[in-house]
Amino acid sequence: MGEYLVRCMGCGGVQPPHALNCQNDDSLLRTEYFTKRLITRDDLPGLWKFYDWLPVKKTLPGSGEKPVTYRSEGIARELGLENLYISFSGYWPERGAKMTTCSFKDLEAPPTVERMVERKDDQILVVASAGNTARAFAQAASAAHIPLILVVPPTALDRLWISQRPSDSICVISVKGDYTEAIDFAARLAARSRFVGEGGARNVARRDGMGVVMLDGVLSMKSLPEHYFQAIGSGTGGIAAWEASIRLIEDGRFGQHLPKLHLSQNSPCAPIFYAWTGSMMVAGRCPEGMYDDVLYNRKPPYSVKGGVKEALEETHGEVYGISNKEARLSQKIFEEAEDIDIVPAAAVAVAALQKAVRSGTVEKKDFILLNITGGGVSRAKEELDMFMLKCDIEVEPSALSSALPSPSDNDLLAEIFEILGRRS
Ligand SMILES: *Cc1c(COP(=O)(O)O)cnc(C)c1O
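Residues numbered from 1 in each chain as written. Predicted model: local features only at pLDDT ≥ 70, side-chain atom pairs only at ≥ 80, totals over all residues. Heavy atoms only, no water.

I keep staring at the pattern of salt bridges and nothing clicks. Help me out?
A full pass over the atoms with the stated rule returns 26 salt bridges. Here Arg298 and Asp178 are joined by a salt bridge, their closest N and O atoms 3.7 Å apart. Here Arg298, found in the loop between helix H8 (271-277) and helix H9 (308-314), pairs with Asp178, found in the loop between strand S11 (170-175) and helix H4 (179-190); they are 120 residues apart in sequence, far enough to count as distant. Overall, Asp178 belongs to the partly exposed group, its relative accessible area being 33%. (Salt bridge = Lys/Arg side-chain N within 4 Å of Asp/Glu carboxyl O. Helix = DSSP H or I, 4+ residues; strand = E, 2+ residues; numbered from the N terminus. Buried < 20%, exposed > 50% of the residue type's maximum accessible area, 1.4 Å probe, protein only.)

Dropping the structure here:
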């Protein structure tokens, strides 16, 4: 049960179970599960049903809802598609979707936190986020009662709502700068002793958690889809869909063809779109003015072995650049046709699907899985209790950047420990 190896996609060497990086090169690591058949544990709740293909030894109580997959009638009719399936990650009780932070980051956080707890080395998890990731980790850490440091830019502070009382051992640090400066600060903090970074795309628990979208989709569709649509920032979800498909092909019961990845970004802030299509980068100030800034990532795992570029090559994939105007229109059409609110990022994927239909890249009878990566926020806000996380510490972007330990660094670390300790 839950048995696996972690292997480097570059050198092929087996790595220590909790490694985020290969000892020899820069490639992504991938889990190799001993169980080759997709088994669903119907005795376990939510995403833990897919326990045998998650890198954990136990489940994390109180978190781990899964998305729902259903065959669309509304938007499918609008687009003239006969086999359009929607994977919905969010809050939509009528359909059985109860991911209360309303995005598919709720698939990444619980396995990552559980895997962290299983290390039993008393490390404190550090997570940088512009919103959705912070909420998902805050919720999972609160359920698990483990300490967590969230590092956010000031613009993210008003997005830090969750639907359960936040545990006392969460420390929110606001870095007075942009998201990238928050990421850089988080990396410096995670390098200090007692702290550990979650690793983003490099963490197999995050990717295999997101892979649940494909696993759940295949159970509904009874086969692998021919096309997979998702809006991306880092592209981690695209890698995860590809990796899950490889496992499903090995299983043998769901077909032998990898789904074609149709990944979409919000132009002009679309580095993966420019890299893949070779088109000229259009100047724009990013992430300001984006339709959804969760789709912006300046350093995506694109050309590394096992990364986004290879996923696109292997699946004969495509990348779409979607303007704000296109996304806005698609959002409206989707919400009216399916009768649920979706997050702006998800509308970018809907716009890509519309483009693919217009260009004939997908055909009427094709089996398509559309990943609606977030939705039901207005439903959740109406129906659930909402708690705001508060900022505990504000720091300058330059904090912890001195080469030698400085008195101000020590003060900051002491303050963090005091906040975590006062509560535990
Ligand atoms: C994070 C996120 C994405 C993009 O995910 P990738 O990590 O780039 O695959 C898309 N939609 C929503 C709602 C998100 O929170």
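Quick question: what am I supposed to make of the side chain of Thr100 here?
Mapped onto the elements, Thr100 comes out in the loop between strand S7 (97-98) and helix H2 (105-119). Exposure remark for Thr100: the relative accessible area of 16% places this residue in the buried category. Of note is the side chain of Thr100, whose polar atom sits 3.1 Å from the side chain of Ser163. Not counting residues within four places of it along the chain, the set of residues in contact with Thr100 comprises Tyr91, Asp106, Gln139, Trp161, Ser163 and Leu384. (Polar contact = N/O pair within 3.5 Å; in protein donor to acceptor, adjacent residues only side chain to side chain. Contact = heavy atoms within 4.5 Å.)

Help me understand empty space enclosed by the protein in this model?
One simple way to see leftover space: roll a probe sized like a water molecule over the atoms. Under the criterion given, the structure shown has two cavities of 30 Å³ or more. Taken as a whole, the largest cavity spans an internal volume of roughly 110 Å³. Together, His18, Leu20, Thr112, Arg115, Met116, Arg119, Leu125, Val196, Gly197, Glu198 and Asn203 line the largest cavity. Elements that contribute at least two residues to the lining of the largest cavity include exactly H2 and strand S12 (195-197). Here the lining of the largest cavity gets four residues from one element, more than from any other, and that element is H2. Computed from the structure, the second largest cavity encloses a volume of approximately 50 Å³. As for the second largest cavity, its lining consists of Trp53, Arg207, Asp208, Gly211, Val212, Leu215, Ala240, Glu243, Ala244 and Arg247. Elements that contribute at least two residues to the lining of the second largest cavity include exactly helix H5 (204-210), helix H6 (212-221) and helix H7 (236-251). In terms of residue count, the dominant contributor to the lining of the second largest cavity is H7 (four residues). (1 Å grid on protein atoms, 1.4 Å probe; cavity = no way out; pocket = protein on both sides within 12 Å on 5 of 7 lines; lining within 4 Å. Points joined across faces, edges and corners; volume = space filled by probe spheres on them.)

What is the right way to read the sheet that holds strand S5 (residues 83-88) from this model?
Sheet strands pair via backbone hydrogen bonds, and the direction of the pair is either parallel or antiparallel. Overall, mixed pairing links the six strands, which are arranged S4-S5-S16-S13-S14-S15 in an open sheet. Strands at the two margins of the open sheet, each flanked by one partner only, are strand S4 (68-71) and strand S15 (318-322). In this sheet, adjacent strand axes meet at a mean angle of 20° when their direction is disregarded. In this structure, S5 lies alongside strand S16 (residues 367-372), joined through six bridges in parallel fashion. Bridge pairing in S16 links Ser87 to Asn371. Against the sheet, helix H10 (residues 324-338) engages S4, S5, strand S14 (260-266), S15 and S16, with an angle of about 100° to S15. (Pairing = 2+ DSSP bridges. Axes fitted to C-alpha atoms, helices over the stretch in contact; angles between N-to-C directions.)

In short, shape yes, function no, at least from these values alone.
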